[in-house]
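# Observations on chain architecture
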Amino acid sequence: MKKSIILSAFVISAFAANAQTDQTALQGTKIGDNWSIELKAGMVTPLTHSSFFKDARPTFGLGVTKQLTPIFGMEFQGMGYINTTDSKNAIDASDVSLLNKFNLMNLFGGYPGTPRLFEIEAVAGIGWMHYYVNGSDDDNSWSTRFGLNLNFNFGETKAWTLGIKPAIVYDMEGDFNRAKSRFNVNSAAFEITAGLTYHFKTSNGNHYFTKVKVYNQAEIDDLNSSINALRGEVNNKNSELNNAVQRISGLQRDLEDCRTKTVPA
């Protein structure tokens, strides 16, 4: 877990520059912004020596994500697995993970200012795996997870995301004592789930990062000069308009005098 946290810190610092450039900056980057919650369900099946559909078993989970930049986010996820062992418990195993999520569309295509209709995320992380054995002697292990999130952002405000999530999960202790191999396909499972995510509203009023243009002091001074020049022109026009109104009033009086002037017979 410590290795994943350290890796995440390096990744955060590497991608933090994406939050602001010399041309644009992001709104909605406060600590309380860009949080989301996800419910997911699907199936899991052993990666080897099994029939894909025949040996598939139900799985479900809950995830909470903090999106740090449009490219990088971190998710705390808990998964439960049903009928995957000989245990007579309702839930045979659980996996609590800390995941790093990379938005490949924003990484290679840039962030357009609003979430795309379809996006792909790469996911990698580690977790604590617990097996609920009959009796008091439960088994503990640690896991690694590699996968993709195929996300569809829908709704006018992009507050909801429907995702298809294939992943490979390794039990890192499952065969290590005998085979001395951490990433052993015989101790791995293929997992595919569908998840529905709700993105909470941020401080900018949207449910996502918002791009705004950044102005330097020289640009601000130029804009102020332009505004002052326009104000001067408006004042001159107002003065000319007032003079024209006064002339019109004088001409109207002269016209009225001419109309009412008595002509001697």
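Shown above is the structure to which this text applies.
Reference entry: report on the structure contained in this document. (Residues numbered from 1 in each chain as written. Predicted model: local features only at pLDDT ≥ 70, side-chain atom pairs only at ≥ 80, totals over all residues. Heavy atoms only, no water.)

Turning our attention to the environment of Gly125. If you trace the backbone, Gly125 turns up in strand 6 (residues 118-131). For the pair Gly125 and Arg145, spaced 20 residues apart in the sequence, the C-alpha separation amounts to 5.4 Å. Other than its neighbours up to four places away in sequence, Gly125 contacts Leu98, Leu99, Ser143, Thr144 and Arg145. (Helix = DSSP H or I, 4+ residues; strand = E, 2+ residues; numbered from the N terminus. Contact = heavy atoms within 4.5 Å.)

The topology assignment puts His130 in strand 6. Overall, the relative accessible area of 10% leaves His130 in the buried class. A distance of 2.5 Å separates polar atoms of two side chains, one belonging to His130 and the other to Asn140. Excluding its chain neighbours within four sequence positions, the residues that come into contact with His130 are Asp92, Ala93, Ser94, Asp138, Asp139 and Asn140. (Buried < 20%, exposed > 50% of the residue type's maximum accessible area, 1.4 Å probe, protein only. Polar contact = N/O pair within 3.5 Å; in protein donor to acceptor, adjacent residues only side chain to side chain.)

A few words now on unusual backbone geometry. A positive phi angle is found at Asn34, which is not glycine, with a value near 60°. One can find Asn34 in the loop between strand 1 (24-27) and strand 2 (35-46). By relative accessible area, Asn34 is classed as buried at 9%. For Lys158, which is not glycine, the phi dihedral falls at a positive 55°. Counting through the fold element by element, Lys158 comes out in the loop between strand 7 (139-154) and strand 8 (160-171).

Bringing the pattern of salt bridges into the picture now. Taken as a whole and judged by the stated rule, the model has seven salt bridges. Note that Lys40 and Glu38 form a salt bridge whose closest N and O atoms lie 3.0 Å from each other. The residues Lys40 and Glu38 share a single accessibility class, namely buried. Taking the shortest distance from any N to any O, the salt bridge between Glu38 and Lys165 comes out at 3.0 Å. Of this pair, Glu38 sits in strand 2 while Lys165 sits in strand 8, placing them 127 residues apart in sequence. The structure contains a network of salt bridges with shared partners spanning Glu38, Lys40, Glu75, Lys101, Glu121 and Lys165. (Salt bridge = Lys/Arg side-chain N within 4 Å of Asp/Glu carboxyl O.)

It is worth spelling out the nonpolar core at this point. Burial of nonpolar side chains together is a common tendency in soluble globular proteins. Counting residues in each nonpolar core, the largest one holds five residues, listed as Val44, Met79, Tyr81, Ala93 and Ala189. Dropping the residues within four chain positions of it, Ala189 is found in contact with Val44, Thr45, Pro46, Leu47, Ala167, Ile168 and Val169. (Core = buried A, V, L, I, M, F, W, Y, C linked by side-chain atoms within 4.5 Å.)

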